[in-house]
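The lines below spell out each chain.
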Amino acid sequence: MHPSSDGPTLLSPARIRLALVALALGGFGIGATEFVAMGLLPNLAADLLPGLAATSPDEANAQAGWLISAYALGVVVGAPTIAASAARWPRKQLLLVLLTAFTLGTIASALLPTFGLVLIARFVAALPHGAYFGIASLVAADLMGPGKRARGVAFVLGGLTIANVIGVPLITWLGQQSGWRIAYLAVAVIFALTFLAVALFVPLQPGNPEATMRSELRAFGRLQVWFALGIGAIGFGGLFAVYTYVAPLVTEITGMPASTVPLVLMVVGLGMVAGNFVGGVLADKSVRRTIYGFFLLMIVALVGLALSAQFLVGLLLGVFLVGASASALSPAIQSRLMDVAHDSQSIAAALNHSALNIGNALGAYLGGVAIAAGFGYLSPIWIGAGLSTVGILLAAATFGIDRSRRMKGLTVPYGTQSVAVVGAGVRE
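All values reported here derive from a predicted model rather than from experimental measurement.

Points about the overall build of the protein
Secondary structure summary: the protein contains 18 helices and 2 strands in total. For the protein, the residues scored as buried account for 58% of the 428 residues in total. Sequence-distant contacts, at least 24 apart, represent 82% of the contacts inside the protein between residues at least 6 apart. By element, 71% of the accessible surface of the protein is carried by carbon and sulfur atoms, the whole surface being about 15800 Å².

Printed below as a string of structure tokens:
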């Protein structure tokens, strides 16, 4: 356990719980700011692209999806940049700076007048995303103690998944009633409250005094890091190909009114909550089996959703399973990244969110291309199934390298170090 300035022995169980809740509240805000656009996509298109929305609603929805891609690309850029450059900062101080940036960026997203300016604001608002999750996950893992790393990651991510059950549906409803700008101002309030909670309850923790930009960036020189990034960047696109266009999927394919969209978002969120905590527990036992198992479930769920989305029951079951399987993968992929990055732990913890948001951007972009080309609102689901299939193939490749190294008596990643392997018995 990394000693905090309060000293681990001085932290009561109640203080630890409050600190973990404060960290998860940040995840709740991030989940709200990232995913509320999915349910409000037609509203964003109608307000920011009124001419195009009047002549071609499908094209307007597809172009409004760029707002989601812009946020995702901001995460991709910000996560490694901030994590590598600030690895030596005290962790609590860095979290407070990131939360300030979230608050201001979300306010700008709500107030700027044109599509182009809002697009830029979404990119800027996303820059702290990966670094926050990465640093908060390291703090949570230290607070929870040895052997519970993936569960610490899952606890912080739990805020994001709970946001999809409570926050995103409620804020989507608020946006439908009062306008999408009010919805984003509500998200900014969540970030401001998180700032106060972190300031009050999270103990001081030092950064890594030995970390440098060069030592953190050394992770990019490892082939297995690139494989792990590819698993998230491509495989996770299956979720976002569906999630980005869930509002028109509900109204155009299932034939339900727009008022049903918050309910569907809540079902996705319930799947994410269940998958996140199950995935955290299972990843602490076997990262390899968790990744294989939940990728297979995601592919089956996507195919089933594509074949049954015209029925409300099929839609709800499909989106629940897609959300659950994708969310279960996240702590496992992050654990894998931290294993293969060795000493570059700050950047490894943040890079997971870069990878997942490349998946966000890729799924949203390819789904939008398919819709704009006239293939309909089911086409992104099939694209998602293809992306998830590539993800499991990349997983097979990276674990195949581990198996080959074991057979040669070399080292494979285990925890935060490489461990010499003789025979079997090492957790994968």
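Here the narrative resumes.
Notes on the nonpolar core
Considering soluble globular proteins, one finds that nonpolar side chains tend to be buried as a cluster. Counting residues in each nonpolar core, the largest one holds 124 residues, and the members touching the most others are Leu23, Tyr132, Tyr243 and Ile291. Top element by residues in this core is helix H1 (residues 13–39). It accounts for 12 residues. Leave out the neighbours within four places in its chain, and Tyr243 touches Phe35, Met38, Asn164, Val168, Leu265, Val268 and Met272.

What about the confidence of the model for the protein?
Considering every residue of the protein, the mean pLDDT works out to 83; 88% of them sit at 70 or more. Model confidence for the protein, summarised as mean pLDDT per element, is weakest for strand E2 (residues 417–420) at 39 and strongest for helix H9 (residues 180–201) at 95. Confidence over residues 1–9 falls short of pLDDT 50; this stretch has 16 contacts with residues more than four positions distant or in other chains. Here residues 414–428 scores under 50 on pLDDT; set against residues more than four positions off or in separate chains, the count is 41 contacts.

Observations regarding the side chain of Ser325
Following the sequence through the fold, Ser325 ends up in helix H16 (residues 312–340). There is a polar contact of 3.2 Å between the side chain of Ser325 and the backbone oxygen of Val322. The contact partners of Ser325, leaving out residues within four places of it in the chain, are Phe294, Leu297 and Met298.

Description of the environment of Ala306
For Ala306, the location among the structural elements is in helix H15 (residues 287–308). Residue classification places Ala306 among the buried residues on the basis of a relative accessible area of 6%. Other than its neighbours up to four places away in sequence, Ala306 contacts Leu378, Ile381 and Trp382.

A few points about a nonpolar patch on the surface
A contiguous nonpolar patch, built from Val189, Leu193, Phe195 and Leu196 and spanning about 350 Å² of accessible area, is present on the exposed surface. Here Leu193 lies in helix H9. Residue classification places Leu193 among the partly exposed positions, given a relative accessible area of 48%.

Examining the environment of Phe227
Within the secondary structure, Phe227 sits in helix H11 (residues 223–235). With 113 residues separating them along the chain, Phe227 and Val340 place their C-alpha atoms 9.7 Å apart. For Phe227, the contacting residues outside a window of four places in its chain are Leu394, Ala397, Thr398 and Ile401.

What to know about the pattern of salt bridges
Enumeration according to the criterion identifies 3 salt bridges in this entry. With its nearest N and O atoms 2.9 Å apart, the salt bridge here joins Arg91 to Asp142. Note that Arg91 is positioned in helix H5 (residues 91–111) and Asp142 in helix H7 (residues 129–144), a separation of 51 residues in sequence. You can call Arg91 buried: its relative accessible area is 9%.

Brief notes about the packing of aromatic side chains
All chains considered together, the criterion is met by 9 aromatic pairs. With centroids separated by 6.1 Å and ring planes inclined at 70°, the aromatic side chains of Tyr132 and Phe133 adopt a geometry described as edge-to-face. We note that Tyr132, like Phe133, is buried. Taken together through their ring pairs, the aromatic side chains of Phe35, Phe236, Phe240 and Tyr243 make up a single cluster.

A word on H15
When the terminal C-alpha atoms of H15 are compared, their 31 Å separation across 22 residues agrees well with the 32 Å that a helix rising 1.5 Å per residue should span. All of the buried residues in H15 are Val287, Thr290, Ile291, Phe294, Phe295, Met298, Ile299, Ala301, Leu302, Leu305, Ala306 and Ser308. For H15, the elements touching its buried residues are H11, helix H12 (237–243), helix H14 (261–285), H16 and helix H18 (379–407).

Some thoughts on helix H13 (residues 246–253)
Listing the buried residues of H13 in full gives Val246, Ala247, Pro248, Leu249 and Val250. Close packing links the buried residues of H13 with H1, helix H2 (41–48), H12, H14, H16 and H18. With its phi angle positive at about 75°, Gly255 sits one or two positions after the end of H13.

Notes on the packing of H1 against H9
Two elements in contact, H1 and H9, have axes whose closest approach is 9 Å; the angle formed by their N-to-C orientations is 160°. Our classification of the angle between H1 and H9 gives roughly antiparallel. You can see that H1 and H9 cross each other, and the crossing is left-handed. Its residues assigned to classes, the contact of H1 with H9 comprises 17 nonpolar, 4 polar and 1 charged.

Thresholds, definitions, all that
- Residues numbered from 1 in each chain as written.
- Predicted model: local features only at pLDDT ≥ 70, side-chain atom pairs only at ≥ 80, totals over all residues.
- Heavy atoms only, no water.
- Helix = DSSP H or I, 4+ residues; strand = E, 2+ residues; numbered from the N terminus.
- Buried < 20%, exposed > 50% of the residue type's maximum accessible area, 1.4 Å probe, protein only.
- Contact = heavy atoms within 4.5 Å.
- Areas by Shrake-Rupley, 256 points an atom, 1.4 Å probe, with all protein chains shown as cover.
- Core = buried A, V, L, I, M, F, W, Y, C linked by side-chain atoms within 4.5 Å.
- pLDDT = per-residue confidence, 0-100.
- Polar contact = N/O pair within 3.5 Å; in protein donor to acceptor, adjacent residues only side chain to side chain.
- Patch = residues over 30% accessible without salt bridge, like charges linked within 9 Å, V, L, I, M, F, W, Y side chains within 5 Å.
- Salt bridge = Lys/Arg side-chain N within 4 Å of Asp/Glu carboxyl O.
- Phe/Tyr/Trp six-rings, centres within 6.5 Å; stacked < 30°, edge-to-face > 60°.
- Expected span 1.5 Å × (residues − 1).
- Axes fitted to C-alpha atoms, helices over the stretch in contact; angles between N-to-C directions.
- Parallel < 35°, antiparallel > 145°, perpendicular 65-115°, else oblique.
- Left-handed = near helix turned anticlockwise from the far one by under 90°.
- Nonpolar A, V, L, I, M, F, W, Y, C, P; charged D, E, K, R; others polar.

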